[in-house]
Amino acid sequence: MNPMSLEKVDFAEYLKRLSFVEMDSIKPLDNFAESVADFAAKGQVVFGSELPWNKANEFVRLGTGKLSIWAGESASGKSLILGQVITKLLENGEQALIASLEMPPRETIYRMICQSATCKASRAYCLKWIEHFRGKLFIYDELDRVDINRILGMCHYAAHELGLNHVVIDSLTKCGVGRDDYAKQAAFVDRLQWCAKTWDIHIHLVCHMRKSDSTGKSDIRGASEITDLADNVFILDRNRVKEKEMDKANYGQVPDEKISNQGDAYLKLVKNRQFGFEKDFVLWFDLNSGVYKDAKNSPLRPLELNEVNNG
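Notes on the structure in this doc start here. (Residues numbered from 1 in each chain as written. Predicted model: local features only at pLDDT ≥ 70, side-chain atom pairs only at ≥ 80, totals over all residues. Heavy atoms only, no water.)

### A closer look at the pattern of salt bridges
No. 1: Counted according to the given criterion, the structure contains 11 salt bridges.
No. 2: The salt bridge partner of Glu73 is Arg240, with a shortest N-O separation of 3.8 Å. Here Arg240 lies in helix α10 (residues 240-246) and Glu73 lies in the loop between β1 (66-72) and α4 (78-91), a separation of 167 residues in the sequence.
No. 3: A residue is classified by how much of its surface remains accessible, and Glu73, at 27% relative accessible area, is partly exposed.
No. 4: The partly exposed category is assigned to Arg240, whose relative accessible area is 37%. (Salt bridge = Lys/Arg side-chain N within 4 Å of Asp/Glu carboxyl O. Helix = DSSP H or I, 4+ residues; strand = E, 2+ residues; numbered from the N terminus. Buried < 20%, exposed > 50% of the residue type's maximum accessible area, 1.4 Å probe, protein only.)

### Examining the packing of helix α7 (residues 148-160) against helix α8 (residues 182-199)
No. 1: Closest axis-to-axis distance for the α7/α8 pair is 10 Å, and the angle between their directions is 10 degrees. It follows from the interaxial angle that α7 and α8 lie roughly parallel. Two secondary-structure elements touch here, α7 through Ile148, Ile151, Leu152, Cys155, His156, Ala159 and His160 and α8 through Lys184, Phe188, Arg191, Leu192, Trp194, Cys195 and Trp199.
No. 2: Taken together, the residues of the contact of α7 with α8 break down into 10 nonpolar, two polar and two charged. (Axes fitted to C-alpha atoms, helices over the stretch in contact; angles between N-to-C directions. Parallel < 35°, antiparallel > 145°, perpendicular 65-115°, else oblique. Contact = heavy atoms within 4.5 Å. Nonpolar A, V, L, I, M, F, W, Y, C, P; charged D, E, K, R; others polar.)

### Digging into the environment of Pro255
No. 1: Examined against the element boundaries, Pro255 turns out to sit in the loop between α10 and α11 (257-260).
No. 2: Between the C-alpha atoms of Pro255 and Leu236, which are 19 residues apart in sequence, the distance is 24 Å.
No. 3: If sequence neighbours within four positions are ignored, Pro255 has contacts with Glu245, Met246, Ala249 and Ser260.

### Describing α8
No. 1: Across its 18 residues, α8 extends 26 Å between first and last C-alpha, which sits within 8% of the 26 Å expected from 1.5 Å per residue.
No. 2: Residues of α8 that are buried sit in contact with β1, α7, β4 (166-170), β5 (202-208) and α9 (225-229).
No. 3: One or two residues past the end of α8 sits Asp200, with phi positive at roughly 55 degrees. (Expected span 1.5 Å × (residues − 1).)

### Comments concerning unusual backbone geometry
No. 1: A cis amide bond links Asp170 to the next residue, Ser171, at an omega of 20 degrees.
No. 2: The topology assignment puts Ser171 in the loop between β4 and α8.
No. 3: Phi is positive for Thr118, close to 60 degrees, though the residue is something other than glycine.
No. 4: Relative to the elements of secondary structure, Thr118 occurs in the loop between α5 (105-117) and α6 (123-132).
No. 5: A positive phi angle, close to 55 degrees, is found at Asp200, a residue other than glycine.

### Describing the packing of aromatic side chains
No. 1: A full pass over the atoms with the stated rule returns six aromatic pairs.
No. 2: Aromatic side chains Phe59 and Phe281 sit 6.1 Å apart centroid to centroid with 45 degrees between the ring planes, which places their arrangement in the tilted category. In this pair, Phe59 sits in the loop between α3 (54-57) and β1 while Phe281 sits in strand β8 (residues 279-286), placing the two residues 222 residues apart along the sequence.
No. 3: The exposure class assigned to Phe59 is buried, which follows from its relative accessible area of 15%.
No. 4: Joined through ring pairs, the aromatic side chains of Phe59, Phe275, Phe277 and Phe281 make up one cluster. (Phe/Tyr/Trp six-rings, centres within 6.5 Å; stacked < 30°, edge-to-face > 60°.)

### Quick notes on the packing of α5 against α6
No. 1: Interaxial distance between α5 and α6 falls to 10 Å at its minimum, and their mutual angle equals 100 degrees. In this view, α5 runs roughly perpendicular relative to α6, as classed from their interaxial angle. On the side of α5, the interface is formed by Ile109, Tyr110, Met112, Ile113, Ser116 and Ala117, while α6 contributes Tyr125, Cys126, Trp129 and Ile130.
No. 2: Grouping the amino acids of the contact of α5 with α6 by side-chain chemistry returns nine nonpolar, one polar and no charged.

### What to know about the pairing of β8
No. 1: Taken together, the five bridges between strand β7 (residues 265-272) and β8 define a ladder with antiparallel strand orientation. If you follow Lys268 over to β8, its bridge partner there is Asp280.
No. 2: Between β7 and β8, which pair antiparallel in sequence order, lie six residues; one of them, Gly276, sits at a positive phi of approximately 80 degrees.
No. 3: Pairing between β8 and strand β9 (residues 291-293): three bridges, direction antiparallel. If you follow Trp284 over to β9, its bridge partner there is Lys293.
No. 4: In this structure, the hairpin formed by β8 and β9 is closed by a connection of four residues, where Gly290 is found at a positive phi of approximately 80 degrees. (Pairing = 2+ DSSP bridges.)

Structure follows, in C-alpha cells:
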C-alpha cells in the first residue's frame, strides 16, 4: 500500500464486518485496577500529545480516546493550523490519517511540508519529506461528499488495520449529512466520539462557524451536540482589525503602532473536558511558511532532512 494514500477500501462494508457483543462490555471492577492506578499516578496534570505552542501545552493536550473540534469562519486558517498540529505530531513520531475532503491532497501535503521547512519548500525537500514520513502519514483521497458510514469505517480502518494515532476529518460539511439535519449530525458526532474512545485514537473534526460577530462554541454551525460531545473545542479567529490597519501601509498611511503589534490570530480553547480550562492563545503568523508562532519574534526551526536545501 502506498503510505501517502489509501487503496480503494470499502469502508462502509468494513464497518459492517465489525461486531461487538454487548455482554463483553460488562466487566468486574478489578479489571480497571491498573488503568485507574496509572491515571492516579499522573496526578492532576495535563497529559497527551503536545501542540506546537508551549503556551497552550500547560492547559490542553491531545490525549488518546478524545474528539477535538477545530472551528473558524471561512478562510480563517483552521485547516492550515490543524495541518501544523499534525505536522508537529508527525515530527514527534506519531502517525495520522487526513481526510482532506475540501482540498486536493497535493495542496494539503505541500502546506504541511512548508511548515516543516519554515519556508516555501523546494522540490527536493518535498521528496525528502515524503520519504521521511513514509508509513506515518496517510491521505484519504476523496473530494466529494462522503457517506458517514464510510467515514466511520475509515476511522475504524485507520485504528484497527493501520495502527494510527490521529484521524483528521476536514470537514463536517463534506460528511454526507445535511446542513440542517441536526439529528443526523448529532448521531454522527456521537459515533465519532465512540470510535475515538473504543479504538484509543484522537479524532479531529473541522467545522464551520455561523455568520456571527462572536466566536463562541454556540456559534459553530450545526447541532449543539457537536460541541457537547467533544472533549476539546478550538476556534481560530483571525485578527481582522490588525489586517485592516496594516493595509494602510499600501496606501502610504502609517498603521497604528499599538494595533500593528497585536497578534495575527487567536486560538481559543472554548471547551476542555479534562480540567475545564477556557483560554485564548495569541499567535503570530508567518506568511512565507504558513506557521503560527508563539510570539512575534519566535525563531522558526526547520525540520532537517539530510541537509536538503529548504529554499
